[in-house]
Amino acid sequence: MQELIVLVDDEGRSIGTMPKPLVHHGETPLHRAFSAYLFDDEGRLLITRRAVDKATFPGMWTNTVCGHPGPDEDDPTAIARRARFELGLGVADIRPAVPGYRYRAEFRGVVENEICPVYLGRFTGAPEPDPTEVEEWELLDWAGFRRRQETEGDAWSPWCREQARLIEGAGLVPAA
C-alpha cells in the first residue's frame with residue numbers, strides 16, 4: 001500500500017493527498033507532518049541518525065521520529081505507527097510541545113515544507129532500527145543532546161535544532 005501525504009493550505013486545512021514518492025523535490029508542496037521527542041524511563045532522549053539512503057536529509061542526526069500522518073490519522077497514532085516501523089518501539093504519554101510549528105528547509109535540492117506539530121513522550125521497548133530508516137541511535141540527557149547540537153551544527157537536521165530551542169524555551173525540558 002502506497003503511503004499518502006496530506007497536502008494542506010497555509011492554515012493547515014487539508015486540500016488533498018499525494019503519494020509520498022512524489023512529494024519531496026525542489027518544489028515540495030506544503031504538507032502535514034510531525035516530530036516526536038521520546039524519552040526513556042530515566043529521562044534520556046532517544047536520538048536517531050537518518051539512514052544515508054533516505055531521500056530527505058540523509059545521514060543527519062535528528063529527534064526520535066518524524067513522519068507524516070495519513071489521511072484521517074491523528075498525530076499520536078501516526079507517531080506510534082512510525083516509532084514501531086522505524087525503531088520497533090511502543091510509545092506512551094504523547095503530548096503536544098510546539099503545536100504550531102512550521103518550517104521550510106532545503107538540502108541537496110530537496111525541500112521539506114511542513115506544518116509539523118512537535119510532541120514529547122516516552123518510548124517503550126528496546127530500539128531495533130529498520131536500517132532503511134535509521135543508521136544509528138543514542139540515548140542522551142537533554143544537556144548532552146543540546147551540547148552535541150551546538151558543537152556539531154549541520155550534522156543535525158535543521159528542524160531538530162530549531163525545535164529543541166523552542167521546546168527548551170517553553171520550559172518543557174530542563175535547560176541545557
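Residues numbered from 1 in each chain as written. Predicted model: local features only at pLDDT ≥ 70, side-chain atom pairs only at ≥ 80, totals over all residues. Heavy atoms only, no water.

Per an unreviewed UniProt entry, the protein chain goes by the name Isopentenyl-diphosphate Delta-isomerase and belongs to Blastococcus haudaquaticus. According to UniProt, the comment filed for the protein chain under the heading Subcellular location (unreviewed entry) is "Cytoplasm". (UniProt positions renumbered as here; feature names shortened; annotations may be inferred.)

Caption draft 1: Broad picture of the UniProt feature "binding site: Mn(2+)" (unreviewed entry) in the protein chain. Mapped onto this structure's residue numbering, the UniProt feature "binding site: Mn(2+)" (unreviewed entry) falls at His24, His31, His68, Glu112 and Glu114. With the annotated positions falling across 91 residues, the maximum pairwise C-alpha distance of 12.1 Å places them together in a single cluster. Assignment of secondary structure puts histidine 31 in strand S3 (residues 31-32). We classify histidine 31 as buried; its relative accessible area is 0%. Aside from chain neighbours lying at most four places away, what touches histidine 31 is Ile5, Val6, Leu7, Val8, Val23, His24, His68, Glu112, Asn113, Glu114 and Ile115. (Helix = DSSP H or I, 4+ residues; strand = E, 2+ residues; numbered from the N terminus. Buried < 20%, exposed > 50% of the residue type's maximum accessible area, 1.4 Å probe, protein only. Contact = heavy atoms within 4.5 Å.)

Caption draft 2: Region of the structure containing the pairing of strand S11 (residues 118-124). Most of S11 is tucked away, with five of its seven residues classed as buried. Two strands pair when backbone bridges link them, and strand S4 (residues 34-39) and S11 are joined in this way by five bridges, in the parallel orientation. Looking at S11, one finds that serine 35 is bridged to valine 118. Pairing geometry for strand S8 (residues 90-98) and S11, over six bridges, is antiparallel. Counterpart to valine 98 in the pairing with S11 is valine 118. (Pairing = 2+ DSSP bridges.)

Caption draft 3: Structural detail: the packing of helix H3 (residues 142-152) against helix H4 (residues 158-169). Remark: H3 packs on H4, axes separated minimally by 11 Å, with the N-to-C direction vectors making an angle of 140 degrees. Viewed along their axes, H3 and H4 adopt a mutual orientation that is oblique. Judged by the twist between their axes, the crossing of H3 over H4 is left-handed. Only Cys160, Arg161, Ala164, Arg165, Ile167 and Glu168 of H4 make contact with H3, whose side of the interface consists of Trp142, Phe145, Arg146 and Gln149. Here the contact of H3 with H4 is composed, by residue class, of five nonpolar, one polar and four charged. (Axes fitted to C-alpha atoms, helices over the stretch in contact; angles between N-to-C directions. Parallel < 35°, antiparallel > 145°, perpendicular 65-115°, else oblique. Left-handed = near helix turned anticlockwise from the far one by under 90°. Nonpolar A, V, L, I, M, F, W, Y, C, P; charged D, E, K, R; others polar.)

Caption draft 4: Spotlight on the side chain of histidine 31. Of note is the side chain of histidine 31, whose polar atom sits 2.8 Å from the backbone oxygen of proline 29. Within the structure, the side chain of histidine 31 is placed 3.4 Å from the side chain of histidine 68, a separation counted as a polar contact. (Polar contact = N/O pair within 3.5 Å; in protein donor to acceptor, adjacent residues only side chain to side chain.)

Caption draft 5: Looking closely at the pattern of salt bridges. This model, assessed by the stated rule, comprises 19 salt bridges. We note a salt bridge from arginine 13 to glutamate 11, for which the minimum N-O separation is 3.1 Å. Here the two residues arginine 13 and glutamate 11 agree in accessibility, since each one is exposed. Taken together, the shared-partner salt bridges connect Lys54, Arg82, Glu86 and Glu133 into one network. (Salt bridge = Lys/Arg side-chain N within 4 Å of Asp/Glu carboxyl O.)

Caption draft 6: Quick peek at the packing of aromatic side chains. The full count for this structure, using the stated rule, is nine aromatic pairs. Look at phenylalanine 57 and tryptophan 159: their rings are 5.0 Å apart centre to centre, the planes differ by 85 degrees, and that puts the pair in the edge-to-face class. In this pair, phenylalanine 57 is assigned in the loop between strand S5 (45-50) and strand S6 (61-62) and tryptophan 159 in helix H4, connecting sequence segments 102 residues apart. A single burial state applies to phenylalanine 57 and to tryptophan 159, both of which are buried. By way of ring pairs, the aromatic residues Tyr37, Phe39, Trp61, Trp142, Phe145 and Trp156 are connected into one cluster. Above the face of the tryptophan 61 ring, arginine 148 is positioned so that its terminal group lies 4.8 Å from the ring centre. (Phe/Tyr/Trp six-rings, centres within 6.5 Å; stacked < 30°, edge-to-face > 60°. Lys NZ or Arg CZ within 6 Å of the ring centre and 35° of its normal.)

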